[in-house]
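Summary of structural features
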Amino acid sequence: MVGQRFLEALVEQSGHAVTVTVLAEEPRRAYDRVHLTSWFSGVTPGELSMCDEGFVEKHGIDIRLGDPVEAIDRIARSVTTRNGHTVNYDVLVLATGSYPFVPPVPGHDADGCFVYRTIEDVEAIKAAAEHARVGAVVGGGLLGLEAAGALVAMGLDTHVVEFAPRLMALQVDDGGGEVLRRKVEDLGVSVHTGAGTQAVTTADDGRVSGMTLSDGTELAADLVVFSAGVRPRDAIAREAGLAVGERGGVVVDERCRTSDPHVLAIGECALAVDGRVYGLVAPGYAMAEVAAAEIGGVGRATFTGADLSTKLKLLGVDVASFGDAHGVAEGCLEVLYSDSRAGVYKKLVIGADGRLLGGVLVGDAEAYGTLRPLTGGALPVPAEQLVLPASMGAPVPFALPDEAVVCSCHAVTKATIRNAITAHGCVDVPAVKKCTKAGTGCGSCVKLIGTIVKDELEAAGVETVRGVCEHFADHTRAELYEIVRVKGITSFARLIDEHGSTGGPGGDGCDVCKPTVGSILASLAQGHILDGEQAALQDTNDHFLANIQRNGSYSVVPRIPGGEVTPEGLITIGEIARDFGLYTKITGGQRIDMFGATVDQLPHIWRRLVAAGFESGHAYGKALRTVKSCVGETWCRYGVQDSVGLAIELELRYRGLRSPHKLKSAVSGCARECAEAQSKDFGVIATSEGWNLYVGGNGGTTPRHADLLATDLDHDTLIRTIDRFLMFYIRTADRLERTAPWVHRMEGGLDHLRAVIVDDSLGICADLDELMSRHVETYEDEWAATLADPDRVRRFVSFTNAPGTPDPTVRFTAERDQIKPVLFESFELFEKLEARSR
């Protein structure tokens, strides 16, 4: 990667013609090692390539693959390759990188042992994994957790062994390491910290059979991946008599020159003037640009050190660190937020003078793009506002200074990005990437770049494209829906690879696009939401098929269509609430809510409810919640239609229908409107001639009455019209957009909606009908389906490594003869602070 960046920089910076020969050990041109793990999800080596088609030919670069240099003759200024070729040079640039360190323990070279560095390595690991059951990774750093993620993705029971007392010891502190460990273990990975590998044991056939750790632990394993760090590849430099550091690395000055002025070294093989060998891509790129400037004669750029900030998603867990993450500066203070239940840890290191020095983010690294550019400067808002979740005091918006470095990989400032927009006409993130290279490294700054682009264009009065997020900047939710439906896409990985806007395949997505795509897949009946990749896309409530409450417990809401329930059903609910000690309440939607269940109790509660004929009420999902009703003509002297019967029919028809936001409905048996149908997403009011249909109403913070769409409909026409209304909404609404603002912003408003779903003005009604029919035919109760699959049930534990152990942080007290949650002390503190500020 660093060698390729050097070639690009040399072409850009050279003030005179330069003949370049590249001697490469690997059989392919430069590729993206940062996203090497994406190879396991189907990304091809060609897609990982960093050498644009035609680049070499255009600039006359001679690349010789599979023929590395084995000797340097500094006097003759020539190198000899493995194939016996001699190549002369005026200037030699060493970009030999590093090699994986393999502890010299017994059995380290046995059949079944691998390293994790190249495409050939991952190909070999995948081939071996097809015949393996248990894998072990030696090393709990960045690459180690990447390797562990690959093994998990291939279905192996996985262990991670780390000699340090915590995972990612260089990047995170003890608190962050503990949260990271819990998150990793929740994914089924067994973590062993504070223990080294003493030996790799083998079977009679010489293949790996297990590992012995320094603490005496014996692990069974038939595949071992060593990812215990790297060492500089400085052997040929050492043999040529160049100065090499005591612990490795070719010694270079601030202009990347070695002890021989005709030889330069860049990247992981170089020991910089600050005595550090940098193992990250951003410092390597900076060195490449310095070396290119030195050879091209276009300035006296220097490299004296680099930002070690990093943001990654490891095993699905966001991890980031920046600046002085460990707080080594004298007199510094820490601002800390930790929620072990949610798996979130945030720490900011503040200098004695109030400047932001660094920080650690685990579980929620959303603020990284904003915080890292602020490092070294005064904070624009109180530090605590930068770590608190939005519900506890999110910071007011503020502008980054122009001198803030947005992309550390390529040292691109906000001013440079603004200039690309105003002076070079860049109107989107891809254009900014091409113009400035910002966002083309690790990719962690892409979201911030998108924000800058949007703000700059809006300030200039330019209408911006409304994409879902930076990962799908070019597509709205409605467009993604159509892409998924038409192309038959069944996974987030394929969608982001083929239609994402992150600069290449293998993107991880974010907490905006993942639930959005998860909802789209679910609305198109693409499998159970807890199966495979789908589970990782869900919000907390959908992930556990229950609503999480403020003390970490969950509520269970069985479906009671139309509010109609038998005495036996009521008795069952009462017995369950009594046996599990739950708080019970009749909701405004004519259902019974049971509060206070722990994660491990949920399947046991569902099992009894399902046995009694109940099913999930989808109170946790962006789906149909309830269809409320009055008693209608069956009991009421004013009723003119069977409102209860219709409400039950509608609720059973649309149950489980995933949508951009929650859906509520009601049916009133007469114009007296006891069911409050006109405040619902779709409401029905009986008339003496049939049914009136209202759409686009909602309560909440911005209540709105629904609009009358059609009058005096017969039963079949009513059902057909509601079908089309719901499917048109699901196809075209934005993420988290209720039907009220959707109808309001629709060009042509209610008249256009009526033309589409009643008059078929767009010719899509047949498609809408077919989509609803598919939903009705494929519906299954998510609780019952979960209970029928032991693998799904196993995820419902408070502690993965101690199933059955209750969560001690979930506590209750008594009030009005029922339980009441006891809040976390930190929550109580924040409430007091909030009250004081008011």
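Structure shown above.
Residues numbered from 1 in each chain as written. Predicted model: local features only at pLDDT ≥ 70, side-chain atom pairs only at ≥ 80, totals over all residues. Heavy atoms only, no water.

1. Topic: the side chain of Asp-542
Within the secondary structure layout, Asp-542 lies in helix H17 (residues 540-544). Polar contacts involving the side chain of Asp-542 include one to the side chain of Arg-658, which spans 2.6 Å. What Asp-542 contacts, discounting residues up to four positions off in sequence, is Ile-529, Leu-530, Tyr-620, Gly-621 and Arg-658. (Helix = DSSP H or I, 4+ residues; strand = E, 2+ residues; numbered from the N terminus. Polar contact = N/O pair within 3.5 Å; in protein donor to acceptor, adjacent residues only side chain to side chain. Contact = heavy atoms within 4.5 Å.)

2. Observations concerning the packing of aromatic side chains
As enumerated under the stated definition, the model contains twelve aromatic pairs in all. Aromatic pair Phe-544 and Phe-796: ring centres 5.7 Å apart, planes at 65°, arrangement edge-to-face. With Phe-544 in helix H17 and Phe-796 in the loop between helix H26 (790-793) and strand S36 (811-815), the pair connects residues that are 252 residues apart, well separated along the chain. The exposure class assigned to Phe-544 is buried, which follows from its relative accessible area of 16%. Centre to centre, the rings of Trp-606 and Phe-796 are 5.2 Å apart; their planes meet at 85°, and the pair counts as edge-to-face. Pair noted here: Trp-606 is in helix H19 (residues 602-611) and Phe-796 is in the loop between H26 and S36, with a separation of 190 residues, a long-range link. Of the two residues examined, Trp-606 and Phe-796, each falls in the buried class. Taken together, the ring pairs in this structure connect Phe-544, Tyr-554, Trp-606, Trp-783 and Phe-796 into an aromatic cluster. Residue placement shows Lys-126 over the ring face of Trp-39; its charged tip is 5.3 Å from the ring centre. Here Arg-231 stacks its cationic end above the ring of Phe-101, 4.1 Å away from the centre of that ring. (Phe/Tyr/Trp six-rings, centres within 6.5 Å; stacked < 30°, edge-to-face > 60°. Buried < 20%, exposed > 50% of the residue type's maximum accessible area, 1.4 Å probe, protein only. Lys NZ or Arg CZ within 6 Å of the ring centre and 35° of its normal.)

3. What about the sheet that holds strand S15 (residues 223-226)?
Strand pairing in a sheet is mediated by backbone hydrogen bonds. Such pairs are either parallel or antiparallel. The parallel open sheet is built from five strands, whose spatial order is S8-S15-S9-S10-S11. The open sheet is flanked by strand S8 (113-115) and strand S11 (190-193), the only strands paired with a single partner. Between one strand axis and the next, the sheet turns through 20° on average, direction left out of account. Relative to S11, strand S10 (residues 157-162) runs parallel, the two sharing four bridges. From the neighbouring strand, Val-160 faces S11, where its bridge partner is Val-191. (Pairing = 2+ DSSP bridges. Axes fitted to C-alpha atoms, helices over the stretch in contact; angles between N-to-C directions.)

4. Structural notes on the nonpolar core
If you look at soluble globular proteins, the nonpolar side chains tend to sit buried side by side. Judged by nonpolar contacts, the single largest core of 58 residues is most densely connected at Phe-472, Leu-650 and Leu-753. Top element by residues in this core is helix H21 (residues 715-732). It accounts for nine residues. Leave out the neighbours within four places in its chain, and Leu-650 touches Leu-624, Val-627, Val-667, Phe-682, Val-684, Ile-719 and Ile-722. In terms of nonpolar packing, the next biggest core, distinct from the first, is built from 44 residues, Leu-356, Ala-383, Val-432 and Leu-448 among them. (Core = buried A, V, L, I, M, F, W, Y, C linked by side-chain atoms within 4.5 Å.)

5. Section: the sheet that holds strand S12 (residues 197-202)
Taken together, the three strands give an open sheet; going across it, the order is S12-S13-S14, and neighbouring strands pair in antiparallel fashion. Single-partner strands in this sheet number two, and they are S12 and strand S14 (218-220). The average undirected angle you get between the axes of adjacent strands in this sheet is 20°. Sheet analysis places strand S13 (residues 208-213) next to S14, joined by three bridges and oriented antiparallel. Along S14, the bridge assignment pairs Met-211 with Leu-219.

6. Let's talk about the side chain of Thr-572
Within the secondary structure layout, Thr-572 lies in helix H18 (residues 567-580). Excluding anything up to four places from it in sequence, Thr-572 contacts Arg-608, Ala-612 and Phe-614.

7. Focus: the pairing of strand S33 (residues 682-687)
Along a regular strand, successive side chains alternate from one face of the sheet to the other. Most of S33 is tucked away: six of the six residues are buried. Relative to S33, strand S32 (residues 663-668) runs parallel, the two being bridged by four bridges. Bridge pairing links Ser-668 to Ile-685 in S33. Across six bridges, the pairing between S33 and strand S34 (residues 690-695) is antiparallel. Bridge pairing links Gly-683 to Tyr-694 in S34. Count of turn residues in the S33/S34 antiparallel hairpin: two residues.

8. Here's the deal with unusual backbone geometry
The phi torsion at Cys-256 lies on the positive side, around 65°, for a residue other than glycine. Inspection of the secondary structure puts Cys-256 in the loop between strand S17 (250-251) and strand S18 (263-265). With phi around 65°, Asp-817 is a residue other than glycine that occupies positive phi space. Within the secondary structure layout, Asp-817 lies in the loop between S36 and strand S37 (818-822).

9. Considering the state of the cysteines
Applying the stated criterion across every chain, the model contains zero disulfides. The thiol of Cys-256 is not disulfide-bonded; the next cysteine sulfur, from Cys-269, is found 9.8 Å away. Classification of Cys-256 by relative accessible area gives buried; the value is 0%. (Disulfide = S-S within 2.5 Å.)

10. Considerations on helix H23 (residues 749-757)
Buried residues of H23: Gly-749, Leu-750, Leu-753, Ala-755, Val-756 and Ile-757, and no others. Where H23 is buried, its residues contact S34, strand S35 (707-713), H21, helix H22 (739-745) and helix H24 (765-778).

11. Topic: H18
The terminal C-alpha atoms of H18 lie 20 Å apart, and with 14 residues this matches the ideal 20 Å at 1.5 Å per residue to within 8%. All of the buried residues in H18 are Gly-569, Thr-572, Ile-573, Ile-576 and Ala-577. Down the axis of H18, the buried side of the element spans an arc of 130°, and every buried residue falls inside it. Residues of H18 that are exposed and point more than 90 degrees away from the buried face comprise Pro-567, Glu-568 and Arg-578. On the buried face of H18, the contacting elements are strand S29 (583-586), strand S30 (592-597) and H19. Immediately downstream of H18, the backbone of Gly-581 shows phi near 65°, a positive value. (Expected span 1.5 Å × (residues − 1). Arc of directions from axis to C-beta.)

12. Let's talk about the pairing of strand S4 (residues 78-81)
Direction of pairing for strand S3 (residues 69-73) relative to S4: antiparallel, over a ladder of four bridges. Paired with Asp-73 across the bridge in S4 is Ser-78. Hairpin connection from S3 to S4: four residues lie between these consecutive antiparallel strands, with Arg-77 at a positive phi of about 50°. Across three bridges, the pairing between S4 and strand S5 (residues 86-88) is antiparallel.

13. Observations concerning the pattern of salt bridges
For side chains bearing opposite charge, pairing can occur when the charged atoms are close. Inspection of every chain in the model, using the stated rule, returns 53 salt bridges. A salt bridge links Arg-792 to Asp-789, with the shortest nitrogen-to-oxygen separation between them at 3.5 Å. Classification of Arg-792 as buried rests on a relative accessible area of 11%. Asp-789 gets classed as partly exposed once you look at its relative accessible area, which sits at 22%. Asp-791 is paired through a salt bridge with Arg-794; the nearest N and O atoms lie 1.9 Å apart. Judged on exposure class, the residue Asp-791 and its partner Arg-794 are both exposed. (Salt bridge = Lys/Arg side-chain N within 4 Å of Asp/Glu carboxyl O.)

14. A short note on the packing of H21 against H23
Relative to each other, H21 and H23 sit at 115°, their axes nearing to 10 Å. Classified by chirality, the crossing of H23 by H21 is right-handed. Here Thr-721, Arg-724, Phe-725 and Phe-728 of H21 lie close against H23, whose contacting residues are Leu-753, Val-756 and Ile-757. Looking at the contact of H21 with H23, its residues break down into five nonpolar, one polar and one charged. (Left-handed = near helix turned anticlockwise from the far one by under 90°. Nonpolar A, V, L, I, M, F, W, Y, C, P; charged D, E, K, R; others polar.)

Such coordinate-based values are descriptive only and should not be taken to indicate function.
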